[in-house]
Amino acid sequence: MMEPTASPSMLLGLVTGLHDSASVYNTGLTNQTIADGLAVATPSRFVGQRIEPFLSGCMTVRDETLIQLQKKMFSKQNIYLEPSAAIGLAGRDLLEHTEAGKRYIEMNFTETAWKQTTHLVWSTGGSMVPMSEREGMLMSNFYEEVYVLTKQIPPGSVATYGLIARWLGNPRGARAVGWALQRTPHGARIPAHRVVRRDGTLAADHVFGGSDIQKELLENEGVPFSGNDRIDMNKAVWSGPVTDCFDA
């Protein structure tokens, strides 16, 4: 069974035997993953108890690997998979190229039997993702472009996920912008706190480590709020990069 590294709820439930009494949050994990279809903090007890007798093991995959698998499937087979489906592509590789995987193969298969196995991957869901978001996910430099543009937002101003997507030529890629900012490289000094929802509300509490941290950062920079922790968007929205400057 495959799960995102940041959200291995079924693995946690099975290993501890706690099932739906277990939560990835209790382990310090964020439950934030590009494979949002698998971002479940607490596993199903019903499912866990029924698959346990038949399950050989669980493996986890990092988001960076999911993105690479998406791109590889698209470039080699012209098939677009959403991240939740692309995770299955990693299974055989993890078995054949990790020490734990090799031990599992040696314990359960002869060399001939393993060569005769077939790797099946659940691959539904890609057609449900809007084309603009597919393009955003598959763009090799998209995350870097988001970071470069976010750095240009001046103190005292904010931009929305949708605006950044539009300025980058992907007007329906707001979610992809959000994924990029959730994965801001450590120590990169990218002012992700200056990117907010279009209605002026702030990010979920856990993103910046607490419900008031993003607001405090913005208020310290002079961003006006109009009440109910909403930014006064009429006064605070950045006008955007100078024409052609960003592409230069």
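Predicted model only: the values in this text are computed from it and were never measured.

## Overview of the overall build of the chain
- Summing up its helical and strand segments, the chain has 13 helices and six strands in all.
- When burial is assessed residue by residue, the chain has 39% of its 248 residues classed as buried.
- Carbon together with sulfur atoms contributes 51% to the accessible area of the chain, which is approximately 14,300 Å² in total.

## Let's talk about the packing of aromatic side chains
- Under the counting rule described, the total for this entry stands at four aromatic pairs.
- Here Tyr104 and Phe109 contribute two aromatic rings whose centre-to-centre distance is 6.3 Å and whose plane-to-plane angle is 65°, an arrangement assigned as edge-to-face.
- A residue is classified by how much of its surface remains accessible, and Tyr104, at 25% relative accessible area, is partly exposed.
- A relative accessible area of 28% means that Phe109 is categorised as partly exposed.

## Observations regarding the side chain of Asp232
- Within the element layout of this structure, Asp232 appears in the loop between strand S6 (230–231) and helix H13 (233–236).
- Residue classification places Asp232 among the buried positions, given a relative accessible area of 16%.
- Not counting residues within four places of it along the chain, the set of residues in contact with Asp232 comprises Pro224, Phe225 and Ser226.

The rules behind the values
Position labels on residues start from 1 in each chain and follow its written sequence. Only residues with pLDDT of at least 70 are given local features in this predicted model, and only at 80 or more are side-chain atom pairs given and counted; all residues enter the totals for whole chains, interfaces and linings. Side-chain descriptors were evaluated using all non-hydrogen atoms of the structure, hydrogens and water having been removed beforehand. A run of H or I in DSSP becomes a helix once it reaches four residues, and a run of E becomes a strand once it reaches two; helices and strands are each numbered from the N terminus. Here's how the labels work: a residue is buried when its accessible area is under 20% of the maximum for its type, exposed when over 50%, partly exposed in between, all with a 1.4 Å probe on protein chains only. Shrake-Rupley sampling with a 1.4 Å probe provides the accessible areas, and residues are treated as covered by the protein chains on show and by no other component. In this analysis, rings of Phe, Tyr and Trp, with Trp reduced to its six-membered ring, are considered paired at centre separations within 6.5 Å, and the interplanar angle assigns stacked below 30 degrees, edge-to-face beyond 60, and tilted for intermediate values. The contact rule is simple, with two residues in contact once any of their heavy atoms fall within 4.5 Å.

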